[in-house]
Amino acid sequence: MKQTHPLKQMEIITDISNFIFVSDAPETVDAIFLPGGSYPEPPEYAAELYRKKYAKWLIPSGGVSVKRDKWPGVHAKADRYNGDYQSDCEFFTDVLIQNGVPADAIIGENLSGHTRDNAFLSRKAVDEKGIEIKTALIVCKAFHARRCLMLYQMAFPDAAIKVCPVHCFNITKENWYKSEQGIDRVLGELARCGNQFAGDIKAYLL
């Protein structure tokens, strides 16, 4: 008889899964935040929520990753989304517009190179427009949910923020520990949720 993996028995997998994979039901909010990326599923879902009147504003974010010297290109549905995109924000904005979001409902920023910048430069963009965000949803990759939530909560400390994730790379709460890619992605996020916030926590508490 096949034995249960000891990690499963110790509930480590469950604990990590519950921490990383934040997921809330959509509700009516002021804005939907979209941390950058090169997959169309997050902005497609955000556009769907907009059409259902869940939000007034959509805030896509992202320039070129600090890990690269140019935008990597569209990673899915490139036959449909085939513009000459130079940034995550340009790509997400086109996806939103193609899916029924009017341009005047989009407040984008295209300078950020990582998730922290996504959050804080989005804050700068809405502040420059004189828009107050009291409630928001984050639409992001499912395994990216906790770190996005932590960073956007820091950038918008007075806002009530929830996460409506989208599955990409076939990595889910239920299967991430069954593939090398899933393990690397999720445990990488777990590590970053610690080491990327050490300075902030020390600055606040010490």
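As shown above, the structure is provided for reference.
This section reports on the structure supplied with the text.

Each value, and the rule that gives it
- Residues numbered from 1 in each chain as written.
- Predicted model: local features only at pLDDT ≥ 70, side-chain atom pairs only at ≥ 80, totals over all residues.
- Heavy atoms only, no water.
- Phe/Tyr/Trp six-rings, centres within 6.5 Å; stacked < 30°, edge-to-face > 60°.
- Lys NZ or Arg CZ within 6 Å of the ring centre and 35° of its normal.
- Buried < 20%, exposed > 50% of the residue type's maximum accessible area, 1.4 Å probe, protein only.
- Helix = DSSP H or I, 4+ residues; strand = E, 2+ residues; numbered from the N terminus.
- Right-handed = clockwise from strand over helix to strand, strands pointing away.
- Contact = heavy atoms within 4.5 Å.
- Axes fitted to C-alpha atoms, helices over the stretch in contact; angles between N-to-C directions.
- Parallel < 35°, antiparallel > 145°, perpendicular 65-115°, else oblique.
- Left-handed = near helix turned anticlockwise from the far one by under 90°.
- Nonpolar A, V, L, I, M, F, W, Y, C, P; charged D, E, K, R; others polar.
- Disulfide = S-S within 2.5 Å.

Taken as a whole, this structure holds 10 aromatic pairs when the rule is applied. Each residue in the set Trp 71, Tyr 81, Tyr 85, Phe 91 and Phe 92 is aromatic and connected to the rest through ring pairs, giving one cluster. The ring of Phe 169 has Arg 185 lying over it, and the distance from NZ or CZ to the ring centre is 4.2 Å.

Moving on to the pairing of strand β4 (residues 160-163). Along β4, the buried face is formed by Ile 161 and Val 163; none of Ala 160 and Lys 162, which line the opposite face, is buried. The handedness of the strand β3 (residues 135-138) to β4 crossover, carried by helix α6 (residues 145-155), is right-handed.

Further remarks concern the side chain of Glu 189. In this fold, Glu 189 is placed in helix α7 (residues 180-195). Beyond its immediate stretch of four places on either side in the chain, Glu 189 contacts Ile 20, Phe 143, His 144 and Arg 147.

A separate point is the packing of α6 against α7. Axis separation between α6 and α7 bottoms out at 9 Å; the angle between their running directions is 20 degrees. The pairing of α6 with α7 is recorded here as roughly parallel in orientation. In this structure, the crossing between α6 and α7 has a hand that is left-handed. Contact with α6, carried on its side by Arg 146, Arg 147 and Met 150, involves Glu 189, Arg 192 and Cys 193 of α7 and no other residues of that element. Looking at the contact of α6 with α7 residue by residue, the class counts come to 2 nonpolar, no polar and 4 charged.

Attention now moves to the state of the cysteines. For the structure shown, the criterion picks out 0 disulfides. Of all cysteine sulfurs in the structure, the one in Cys 148 sits closest to Cys 140, which takes part in no disulfide; the separation is 4.0 Å. The closest cysteine sulfur to the non-disulfide-bonded Cys 193 is located on Cys 148, 9.1 Å from its own sulfur. Taking relative accessible area as the criterion, Cys 193 reaches 8% and is therefore assigned buried.

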